[in-house]
Every structure is written in C-alpha cells, then in structure tokens.
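# Remarks on the overall topology
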Amino acid sequence: MTILWDNEPGASDRYHFALGEVALLSSAPLVHRALDDDPRADLVVIGPLVNLDEASMLVESVRADRPEVGFILLRHRLDVTTMGQALRSGFREVIASDDAPALSDAVRRSRDLTAKLAGHHGGTAAPQGRIVTVFSAKGGVGKTTLSTNLATHLALSGLRTVLVDLDLSFGDVGISMQLLPTSSVHDAVAMHGHLDAEGLAQLVTHHQPSGLDVIAAPTDPSLADRVSAQVVTELLRVAAASYDYVIVDTPPSFTEHVLAACDVSSLLVLIATLDIPAVKNLKLALETLDALGSPRDSRVIVLNRADVKVGLRPEDVVQAIGAPIAVSVPASISVPASVNRGVPIVLESPRDPVSVALREIADIHIRARFGGPVDEPHRRSLFSRRSR
C-alpha cells in the first residue's frame, strides 16, 4: 500500500500517474497509525507543502522499526539544504513535485529496495537469518570468546554466518581472529536508510579458515558515538536477510546499541562466571530485560569457567538469579592460549571439553531451537564470491 501525506486538494489525482491508488492522509500521527495498522504498507510519499522538520521526524521515528518502508519527499523547488536534511533523516529520494516520470522511477527503485530489505526476490521469500546476541553486564566473563567460537562453529557447519562486533569502543573480535579489517560498523552510517546486501558486503571481513564473515568494531573509539541505534537496527536486519545466523558480540552494559540489538534478536545468550559481581550483574540484567518486556523463553544462560573452585557453586548461581543454567563451560588453559594465537578453540582444538560445551550451545540451544540442522545450508552468496 502507498500512503500519500499531502494537504493540497486533489493531491491523489495529481500524482495518480506515478503512485496509482493511495491512502491520502493529512498528518504525521495519521501516517504513523496507518503504518502500525498495515504491515503491508511499504511506501510513504510526502507532499511539497508538508513541513520538512515534521516529515523528517516521522521518518526517523519509523525507520528503526520498519526499515523496509520507503519514504519519498516531494518539493516544489530542489535545493542542496533540503536534499541534505531529507537524506540524513532517512528519505530514500527527493523529487520535484512536477516531475511525474522521475517520481514513477523513484517509486520503482524504492519498492525494489524494500523487497531486498524484506528478503524477497522475484516474489519468493528468501531465508531469514536468526539474530543471536551474546551479552553480559560484566566484563571479563568471556563474551568475545563465546561469540567468536559460536559463530566459527556455525560457519564450519556450512551455515552462512556473520559476527557483528557491537563493542564499538573497545571491540576485540578482529584481533581475536587475526583479522585486519578495512571497514567496520561505522561505515554503515553513510549507508543508513539505503543499506542493502551489496552495501553490507562492503562492511565484512572474511575469516578464511572457517568461512565466517565479520563486521568489526571501529578502530577509533571516538567513532562509537556516531553510530546510532537506528543504524544498528538496519544493519542487523539487512544481515539477517543475507545470512543464516547473525551473532552479535556486545560491550558489558546496556548501551543504546545493545538495546537495539536485543530488540531485533531471536535469542539472547547471557553469560556469568562464579564470582559475586558477575552473578549480581546477571541478576540485574535479567530484571532489566523483564522490565523491557523481553520474553524469558528467548534467553539462554551460560555459566563460563563453571568448574573453578572459588567458594561459589553453580547451584548458588541458579538460586541467586532464579533461572536455570543451560550450559556450563569448563575452565581450560587452552582458551587463553587460543585467544593469544588468534585461532578459535573450536577450530584449533575441537575435542577440548570447552569446544564440546560451545558446540552444545550452538547445536542444541541455537540451531535446534530454530528447527534443527538444515539439510542443505545456503550456498555462499556474493559475500563469499568476493575476491579473497
């Protein structure tokens, strides 16, 4: 469905050549309500007399939850300032209101992009990946080790997998896997509002030994503030349309980026260790997720280094947090050794007890949850066909 926000009499007739039948609405709240009521609505055209600031606010409020919806702005006169503000706000195109052929072409391009974002090709639904966010409210518990190894195992299993490092200030995924990324999450900022599969391919670094793709954190911590939650949402949704699994590594706090990832995730893997601060922070994290409305059945709790003798037992953790532990991962000196060598332990030492526990998380608590191992994993797309 196409929505036309325009206050001029006869607007629907004036643009009928390019838009066809439209729902003509006269205010931002009405447009917002119409989008909420109709998930099939995929295009909003905003008339030339609508206030640009109001129009921009509407686009910014919608695009985080509905990145597939296209917005086209009509203006009586095109100028650089208007076009700059509109494109920064998330409009896909700005068109002269009297140029019907240009508007028709813009509508076609917008719908093509919407189809890609929604994972549709030629009218057939493409496989949608699962987004799995790995989180702990305390640092030093092994989030990055868990994330890199889960993602590596999934990739080794023949599943198209991308690992996204959302620790935007101090992310270690790249160095943990001996990668030298030339791009990062920050590069998605320039593509916001029109990020597609081809743009996503420009962000990834390929880990040749496993077949895993990685989207690294910026090397400059100051760039973290330039990445908005809306950019993260769009990035993860586009990635989910191109991969079987999207694994998200996170910083040890509920930043706006982490909250955005949690909102679009199919599963949260929460980590604790046998120390009071980690258990306390896990309990607070669970309470925060409850308050945010996160479903409890979409969480998997992992106890890392579960066999160390420090006066706290796994059953004490269960009692403290009021939730079961899904998997206990043993401690092993092989883990820091593999990290220092930049080789995931599931790849370097697949028979190590830690590798066995990590595969259990991936195979039983991730893959099986979403229907079990697939018979024919998706063949590598343009991401793996790039020159290596």
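Just so we're clear, the structure is a prediction, and the values are computed from it rather than from any experiment.

## Points about the environment of R33
Within the secondary structure, R33 sits in helix α3 (residues 28-37). Residue R33 is classed as partly exposed on the basis of its relative accessible area, which comes to 49%.

## A few points about the nonpolar core
L146, L163, I361 and I366 are the most contacted members of the largest nonpolar core, which has 35 residues in total. Here this core gets six residues from one element, more than from any other, and that element is helix α16 (residues 353-367).

## Comments concerning the sheet that holds strand β13 (residues 267-272)
An order of β10-β11-β9-β12-β8-β13-β14-β15 is seen for the eight strands of this open sheet, with the pairing classed as mixed. A single partner strand is all that each edge strand has here, and the edge strands are β10 (205-207) and β15 (327-329). On average, adjacent strands in this sheet sit at an angle of 25 degrees to one another, irrespective of strand direction. Two strands pair when backbone bridges link them, and β10 and strand β11 (residues 212-215) are joined in this way by three bridges, in the antiparallel orientation. Following the sheet pairing, H207 is matched in β11 by L212. Against the sheet, helix α10 (residues 229-242) contacts β8 (130-135), β9 (161-165), β11 and β12 (245-249), and its axis sits at roughly 150 degrees relative to β12.

## What to know about the packing of helix α7 (residues 143-156) against α16
Running from N to C, α7 and α16 cross one another at 70 degrees; their axes reach a closest spacing of 9 Å. Relative to α16, the element α7 is oriented roughly perpendicular. Considering the relative orientation of α7 and α16, their crossing is right-handed. Of the residues in α16, those touching α7 at L146, N149, L150, H153 and L154 are L358, R359, I361, A362, D363, I366 and R367. Here the contact of α7 with α16 is built from residues that sort into seven nonpolar, two polar and three charged.

## Observations concerning the confidence of the model for the protein
Any segment with low pLDDT has predicted coordinates that should not be analysed in fine detail. Averaged over every residue, the pLDDT of the protein is 87; the share at 70 or more is 91%. In this model, residues 120-127 is a region of pLDDT below 50 whose contacts with residues beyond four sequence positions or in other chains number 10 contacts. Segment residues 373-388 is flagged for pLDDT under 50; beyond a separation of four residues in sequence, or across chains, it makes 35 contacts in the model.

## Observations regarding helix α12 (residues 276-291)
The terminal C-alpha atoms of α12, which comprises 16 residues, lie 23 Å apart, in line with the 22 Å expected from a rise of 1.5 Å per residue. Next to the buried residues of α12 lie β8, β13, β14 (299-304) and α13 (314-321). With a side-chain oxygen lying 3.0 Å from the backbone nitrogen of A278, the N-terminal cap of α12 falls on D275. Immediately beyond the C-terminal end of α12, within one or two residues, lies G293, with a positive phi of roughly 85 degrees.

Cut-offs applied
Residues numbered from 1 in each chain as written. Predicted model: local features only at pLDDT ≥ 70, side-chain atom pairs only at ≥ 80, totals over all residues. Heavy atoms only, no water. Helix = DSSP H or I, 4+ residues; strand = E, 2+ residues; numbered from the N terminus. Buried < 20%, exposed > 50% of the residue type's maximum accessible area, 1.4 Å probe, protein only. Core = buried A, V, L, I, M, F, W, Y, C linked by side-chain atoms within 4.5 Å. Pairing = 2+ DSSP bridges. Axes fitted to C-alpha atoms, helices over the stretch in contact; angles between N-to-C directions. Contact = heavy atoms within 4.5 Å. Parallel < 35°, antiparallel > 145°, perpendicular 65-115°, else oblique. Left-handed = near helix turned anticlockwise from the far one by under 90°. Nonpolar A, V, L, I, M, F, W, Y, C, P; charged D, E, K, R; others polar. pLDDT = per-residue confidence, 0-100. Expected span 1.5 Å × (residues − 1). Polar contact = N/O pair within 3.5 Å; in protein donor to acceptor, adjacent residues only side chain to side chain.

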